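Close look at the chain arrangement
Each chain, letter by letter, is given below.
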Amino acid sequence: MKTGIVATGDPRFALTLFYYLKLRSCKPECIILIKRNIFSKIKRASFPRILDSLQERCNNRQTGQRRCSRDYLAEFARRQEIKLPGFSLSRICKIEKMRLFITDDVNNSRVIDYLRNAQIDLLLNTGGGLYKSEVISTVRTGILNAHMGPLPEFRGMNVMEWSLFYGRDIGVTLHFIDKGIDTGDILMFKTIPVESGDTIEDLRNKSGIVNIELFYTAIKCISENKLERTTQLKDKGKQYFVMHPRLRSIVENRLSNSFVSKI
Amino acid sequence: MRKLSLSVLVDFIFRKTNIKIFVKSIFHPSLLRVILRDLFRIKYNRYSDKDHLAGAMEWLCMSQDMTGCGGCSATYSFERGWTLPYPETTGYIISTFLKYSTLTGKSTYIERARQMGDWEIDIQLPTGAVRGGSGINDYPIVFNTGMVILGWSDLYEFTKDTRYLDAAIRAADWLCSIIDPDGKWSRFTYNEIPHAYHSRVAWSLLEVYKHTANTVYKDVARKNLNWVLSLVQRNGWIEEMGFYKGEIPLTHTIVYTLRGLLESSAYFEEELRLKIFQVVVTASEKLMLKYELNKRHPNATPGYFPGRINSKWQPMANFTCLTGDAQMAIVWIKIYELNQDARFLNSAIKMLDQIKELQDLNSKNNGLKGGIRGSYPIWGNYMPYSYPNWAAKFFADALILQGEVINKLER
């Protein structure tokens, strides 16, 4: 089965996933890196946008989010004996004989042409944004997404924080991407272990490990034809949006004050 | 609401009033500063809720002091400065002062609220109705009567002074005497048409019912609410929410309607209560989704909420109506309290942050310091170049409510 990884920004997670799968003989064929080049940034820039983004940064600085206490992903990589090479992604791809596709939009025609010609069966989304139906239909089996909360209850943004706000189990749901926002068929859910002293950033970091494990399990199941897809009942869930820093700090305090392990 | 600076500039230049006010403001740097800030989209610093709330309350006190009669000046206008006292909004500002006095423990706010309530009694029409418009006019208006009842009712609850209850009863009796058989108020109304936002008048009758146990008030309120419910469309839209016939309503009057429904629902049996609540939640959720989805990318802060919404729930304005925004935040927080859907609370906090960024707490002009303007940008199509007292009132109410809810969550 031909797989590909869609990554954005810092490729560390995508590389850890790549080596994890490679070690288990499921080496992906390509990495599609979503990266805004300087021209697309200039095209989108305007005075109000610049002002807004400066203000947003300023506000975020004021709220002072708690940082991650440990680098769980690096610890996981060490445990798995994955050594991330210290050179550029393009060089790694060359060495690994893997296609690196850099684009500023996952929905552009070049990506679609590539996916069609390379006959990619499965894409693993680690942050490509919203996919248009043309891309979704081009990938034979589909595009898998690891969603940081239980579906169908919590769709959208900051769902880990929202799950914590409501005192629900936190975990990752692996699902296929469809035209809606987190509305595709569900494959599996795995909880994230919460330990004393964990911050939201710790849990987000831990979720990366769960994502990698789920992606691998799904690839195995698909290749063995053992995959069970559950259609989502759309009425059962709600779409959530970015949590306001004040609510986030309430969640953070609850997490540090009243720790109860759910595992 | 997300417009390019160039189009904002063009929009500004091609309005005659703007130029007139712009020329006037050259001699008043504090006013000019507001215009220039809006032209270049430069916001004010955000402080703590307490500071913003104190700013709004000081502005409201100033609006009362300026009239010298106990009533609050309707607006601070770039053209005319402080304007005449406004009976309608002075009525509901009473409730804000009472809440603020409870919060801060300062009795001076109770005294001010009493002055407002006494002034309202002094100018109450012999029929029991409240006068329309700002200043002392001879014509009665249904909506204004309801809004003052809300203030009198709260004053009675707070002080147990029966003068306020008597005044409220006289006003409520007048309202009951002029309602149409089908439950709408079509006489003595603003622009002589019935309005869905008279649901707030029904709410005021229910407040009088609470104190008197006279079921006539409850029955009349029920009649009106049933009429409002008959205006609900399949997509959740409610007809007749505007000030004028066929007007695309402002968020101000949309949320007036929703708040009236929501507050009234608490007085009825489960069936009607749930029916009304469902109408309010459906409409509020549509507005909340519109607000949250109006952003550059999923992680960005939402843009300003458009000041007018059409019957397909589409934004129809390039300005935001800050009064409507503050009212919306109140309704969202109240919905959260009832159904625990924290998305509403989340959006309300974001919206209040945006209003805070448009409140100048450091201006040397007392008409601007702590006040909340009608529109953003200031030349927008709702109360242009004005700081209405009801904008500050609803903003203060929203901050008090937000504080209560967040305190509960933090405990």
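Up top is the structure these notes are about.
Parameters and conventions
- Residues numbered from 1 in each chain as written.
- Chains lettered and ligands numbered in written order.
- Predicted model: local features only at pLDDT ≥ 70, side-chain atom pairs only at ≥ 80, totals over all residues.
- Heavy atoms only, no water.
- Helix = DSSP H or I, 4+ residues; strand = E, 2+ residues; numbered from the N terminus.
- Buried < 20%, exposed > 50% of the residue type's maximum accessible area, 1.4 Å probe, protein only.
- Areas by Shrake-Rupley, 256 points an atom, 1.4 Å probe, with all protein chains shown as cover.
- Pairing = 2+ DSSP bridges.
- Axes fitted to C-alpha atoms, helices over the stretch in contact; angles between N-to-C directions.
- Contact = heavy atoms within 4.5 Å.
- Salt bridge = Lys/Arg side-chain N within 4 Å of Asp/Glu carboxyl O.
- Arc of directions from axis to C-beta.
- Patch = residues over 30% accessible without salt bridge, like charges linked within 9 Å, V, L, I, M, F, W, Y side chains within 5 Å.
- Phe/Tyr/Trp six-rings, centres within 6.5 Å; stacked < 30°, edge-to-face > 60°.
- Parallel < 35°, antiparallel > 145°, perpendicular 65-115°, else oblique.
- Left-handed = near helix turned anticlockwise from the far one by under 90°.
- Nonpolar A, V, L, I, M, F, W, Y, C, P; charged D, E, K, R; others polar.
- Polar contact = N/O pair within 3.5 Å; in protein donor to acceptor, adjacent residues only side chain to side chain.

With that out of the way, let us pick up the overall build of chain B. Along the backbone of chain B there are 15 helices and five strands. Expressed as a percentage of the 411 residues in chain B, the buried residues total 63%. Accessible area of chain B: about 15500 Å², with a carbon and sulfur share of 53%.

Residues and elements named next belong to chain A. Strand order in the open sheet formed by seven strands is S3-S2-S1-S4-S5-S7-S8, with mixed pairing between adjacent strands. One side of each edge strand has no neighbouring strand; the edge strands of this open sheet are strand S3 (99-103) and strand S8 (186-191). Strand-to-strand twist in this sheet, taken as the mean axis angle between neighbours without regard to direction, amounts to 20 degrees. Judged from the four bridges that link them, strand S4 (residues 122-125) and strand S5 (residues 142-147) form a sheet pairing that is parallel. Bridge assignment links Asn125 to a residue of S5, and that residue is Asn145. Across the sheet, helix H1 (residues 12-23) touches strand S1 (3-8), strand S2 (30-34) and S4, and the angle it forms with S1 is around 160 degrees.

One pass over the structure, following the stated rule, counts 40 salt bridges over all chains. For Arg248(A), the salt bridge identified is with Glu201(A), shortest N-O distance 3.1 Å. On the criterion of sequence distance, the pair formed by Arg248(A) in helix H10 (residues 245-257) and Glu201(A) in helix H9 (residues 200-223) is long-range, its members being 47 residues apart. Classification of Arg248(A) by relative accessible area gives buried; the value is 9%. Exposure remark for Glu201(A): the relative accessible area of 26% places this residue in the partly exposed category. As a salt-bridge pair, Lys408(B) and Glu337(B) come within 3.6 Å of each other at their nearest N and O atoms. Note that Lys408(B) is positioned in helix H15 (residues 389-410) and Glu337(B) in helix H13 (residues 322-339), a separation of 71 residues in sequence. For Glu337(B), a relative accessible area of 30% puts it in the partly exposed group. Through salt bridges with shared partners, a single network forms among Arg246(A), Arg46(B), Asp49(B), Asp353(B), Lys356(B) and Glu357(B).

Quick look at helix H6 (residues 109-118) of chain A now. All names here are of chain A. All of the buried residues in H6 are Val111, Ile112, Tyr114, Leu115 and Ala118. Across the axial projection of H6, the buried residues extend over an arc of 165 degrees, all falling on one side. Next to the buried residues of H6 lie S2, S3, S4 and helix H7 (133-138). Positive phi shows up at Gln119, right after H6, with a value of about 50 degrees.

Turning our attention to the sheet that holds strand S2 (residues 81-82) of chain B. Residue and element names in this part refer to chain B. Strand order across the open sheet formed by three strands is S2-S1-S5, with antiparallel pairing between neighbours. In this open sheet, the two strands that pair with only one neighbour each are S2 and strand S5 (386-388). Taken together, the three bridges between strand S1 (residues 75-77) and S5 define a ladder with antiparallel strand orientation. Its bridge partner lying in S5, Ser77 is registered against Ser386.

Further remarks concern a nonpolar patch on the surface. Residues and elements named next belong to chain B. A surface patch of nonpolar side chains, about 400 Å² in accessible area, is lined by Ile19, Val23, Ile26 and Phe27. One can find Ile26 in the loop between helix H2 (16-25) and helix H3 (29-39). The exposure class assigned to Ile26 is partly exposed, which follows from its relative accessible area of 47%.

For Thr83(B), the location among the structural elements is in the loop between S2 and helix H5 (87-104). Sequence-distant contacts of Thr83(B), that is, excluding residues within four places in its chain, are made with Ser73(B), Ala74(B), Thr75(B) and Ser77(B).

With that settled, the discussion passes to the environment of Val130(B). Looking at the secondary structure, you find Val130(B) in the loop between helix H6 (108-122) and helix H7 (142-159). Each C-alpha atom of the pair Val130(B) and Asn381(B) lies 27 Å from the other, and the pair is 251 residues apart in sequence.

Residues and elements named next belong to chain B. Applying the stated criterion across every chain, the model contains 31 aromatic pairs over all chains. Between Phe78 and Tyr385, the aromatic rings sit 5.6 Å apart at their centres with planes inclined by 50 degrees, giving tilted as the arrangement. In this pair, Phe78 is assigned in the loop between S1 and S2 and Tyr385 in the loop between strand S4 (375-376) and S5, connecting sequence segments 307 residues apart. For Phe78, a relative accessible area of 2% translates into the label buried.

All names here are of chain A. Two numbers describe how H1 lies on helix H4 (residues 72-79): the axes approach to 11 Å, and their chain directions differ by 20 degrees. By the criterion of interaxial angle, the relationship of H1 to H4 is roughly parallel. For the pair H1 and H4, the sense of crossing is left-handed. Residues Arg12, Phe13, Thr16 and Tyr20 of H1 form the contact with H4, whose own contacting residues are Leu73, Ala74, Phe76 and Ala77. Here the residues of the contact of H1 with H4 are counted per class, giving six nonpolar, one polar and one charged.

Turning our attention to the side chain of Thr253(B). Residues and elements named next belong to chain B. By secondary structure assignment, the location of Thr253 is in helix H11 (residues 251-265). Engagement of the side chain of Thr253 in a polar contact is seen with the backbone oxygen of Met241, the distance being 2.9 Å. Setting aside its immediate chain neighbours within four residues, Thr253 contacts Tyr197, Met241, Gly242 and Phe243.

Another aspect to go through is unusual backbone geometry. Cis peptide bonds are those with omega within 30 degrees of zero, and the linkage from Leu151(A) to Pro152(A) qualifies with 5 degrees. Along the chain, Pro152(A) falls in the loop between S5 and strand S6 (154-156). In this structure, Pro377(B) follows Tyr376(B) across a cis peptide bond, with omega equal to 0 degrees. Mapped onto the elements, Pro377(B) comes out in the loop between S4 and S5. Of note, Ser25(A) is a non-glycine position whose phi angle comes to about 55 degrees, a positive value.

A word on the environment of Ile110(B). Residue and element names in this part refer to chain B. Looking at the secondary structure, you find Ile110 in helix H6. According to the relative accessible area criterion, Ile110 is partly exposed, its value standing at 23%. Sequence separation between Ile110 and Ser375 is 265 residues; the distance between their C-alpha atoms is 30 Å. Sequence-distant contacts of Ile110, defined by excluding residues within four places in its chain, comprise Leu98, Ser101 and Phe158.

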